[in-house]
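# Tertiary structure, described
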Amino acid sequence: MILAIDIGNTTVTLGGVRTAPQQAYSLEFTARIDINHTWSASQYESAIEQLFEDKNLSPSDFRGVIISSVVPSVLTLLQECVRNLFGTEPLLVTSESDLGMTFSIPEPEKVGRDRLVDAAWAAAHYPLPVITVDLGTATTFNVVDENRVFRGGVICPGLSTGLRALGERCAQLPQVHLGSPKKAIGTNTESCMLSGSVLGTAVLIDGMVQRIEEELGSPATLVVTGGLAKYVTPLCRHPLTYDPELLMKGLALLYQLNAPQEHGR
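Report on the accompanying structure. (Residues numbered from 1 in each chain as written. Predicted model: local features only at pLDDT ≥ 70, side-chain atom pairs only at ≥ 80, totals over all residues. Heavy atoms only, no water.)

Taken as a whole and assessed by the stated rule, the structure comprises five salt bridges. Linking Arg 83 and Glu 89 is a salt bridge whose minimum nitrogen-to-oxygen distance equals 2.4 Å. Overall, the relative accessible area of 36% leaves Arg 83 in the partly exposed class. The shortest N-O distance in the salt bridge between Glu 245 and Lys 249 comes to 2.7 Å. When its relative accessible area of 27% is taken as the criterion, Glu 245 is described as partly exposed. (Salt bridge = Lys/Arg side-chain N within 4 Å of Asp/Glu carboxyl O. Buried < 20%, exposed > 50% of the residue type's maximum accessible area, 1.4 Å probe, protein only.)

Structure below.
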């Protein structure tokens, strides 16, 4: 089993991915640890040890560890955790990793590592060209063309980020719990905010995908993932595939492409 770790803006997501000789991928578990910028490496280490204990796991259950991160300070702490728990260096995702695709953008090293993982998995497992949309703290789009070239993408505020900002910055607007609005026209403040944020994100996806397809000159496969996708995907009109395991399985794929012992096999 491979331990996949994604360090996002608000949470660290861990997943155990089992792979088979036929290249099948099975996500055995996922768990999340809220990022705490006051924690030391030993505190993250204790949280991971507790997680393993709760799931009846041990470091010996994993043959390797791979990390993608958009938070450099937390990455340093998690690298130390992995060294202490597993006695090995984790594999890190970078733009120089073997991703199974090339770039047509001027500064690939500045692309978020989670975006690279999403695009790499989609390019390997879905018809091309392909567009991925990841709905988290930010809403990110990635575009891979028919020649497996990463063309770039789009970054927007996440729908929960926008909702929270409205509640914090507008004196008469409340904090609203996420849900799927039943119609576009809201009849009270909460339903208006939900429509604007959740349905608005669905309309954003439909509209951006249409514009991207026009620029590509052909239809594209749309793959949606991320923790907030369940609220949005039922409202999208463009045909799509919802793949909640895309990031964890993508990390396992990149481990297999880049770990020296995997190439040795």
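Right, let's get into the packing of aromatic side chains. Counting across every chain of the model gives seven aromatic pairs. When the ring of Tyr 25 is compared with that of Trp 121, the centres are 5.0 Å apart and the planes differ by 90°; the resulting orientation is edge-to-face. Taken together, the positions of Tyr 25 in strand S3 (residues 25-34) and Trp 121 in helix H3 (residues 113-125) put the pair 96 residues apart, joining distant regions of the chain. Accessibility assignment for this pair places Tyr 25 and Trp 121 in one class, buried. (Phe/Tyr/Trp six-rings, centres within 6.5 Å; stacked < 30°, edge-to-face > 60°. Helix = DSSP H or I, 4+ residues; strand = E, 2+ residues; numbered from the N terminus.)

Taken in spatial order, the six strands line up as S6-S9-S8-S7-S10-S11 in an open sheet, and their pairing is mixed. Of all the strands in the sheet, the pair left with one neighbour each is strand S6 (102-103) and strand S11 (241-242). As paired elements, strand S10 (residues 221-225) and S11 share two bridges and run parallel to each other. Counted as the bridge partner of Val 223 is Thr 241 from S11. (Pairing = 2+ DSSP bridges.)

By size, the foremost hydrophobic cluster in this structure holds 31 residues, and its most contacted members are Ile 66, Val 144, Met 248, Leu 251 and Leu 254. Elements with a minimum of two residues in this core: strand S1 (2-7), S3, H3 and helix H7 (246-258). If one sorts the elements of this core by residue count, H7 sits on top with eight residues. Excluding residues within four positions of it along the chain, Leu 251 makes contact with Ala 4, Ile 5, Asp 6, Ile 66, Ile 67, Ser 68, Val 93 and Val 117. Grouped together as the second largest cluster of nonpolar side chains are 27 residues, Met 1, Tyr 44, Val 71 and Leu 85 included. (Core = buried A, V, L, I, M, F, W, Y, C linked by side-chain atoms within 4.5 Å. Contact = heavy atoms within 4.5 Å.)

Right, let's talk about the packing of helix H1 (residues 41-54) against helix H2 (residues 72-86) for a bit. Contact geometry for H1 and H2: axes closest at 9 Å, N-to-C directions at 55°. One element, H1, and the other, H2, form an angle in the oblique class. Judged by the twist between their axes, the crossing of H1 over H2 is right-handed. Counted together, Ala 41, Tyr 44, Glu 45, Ile 48, Glu 49 and Phe 52 of H1 and Val 74, Leu 77, Leu 78, Glu 80, Cys 81, Asn 84, Leu 85 and Phe 86 of H2 form the full contact between these two elements. Taken together, the residues of the contact of H1 with H2 break down into 10 nonpolar, one polar and three charged. (Axes fitted to C-alpha atoms, helices over the stretch in contact; angles between N-to-C directions. Parallel < 35°, antiparallel > 145°, perpendicular 65-115°, else oblique. Left-handed = near helix turned anticlockwise from the far one by under 90°. Nonpolar A, V, L, I, M, F, W, Y, C, P; charged D, E, K, R; others polar.)

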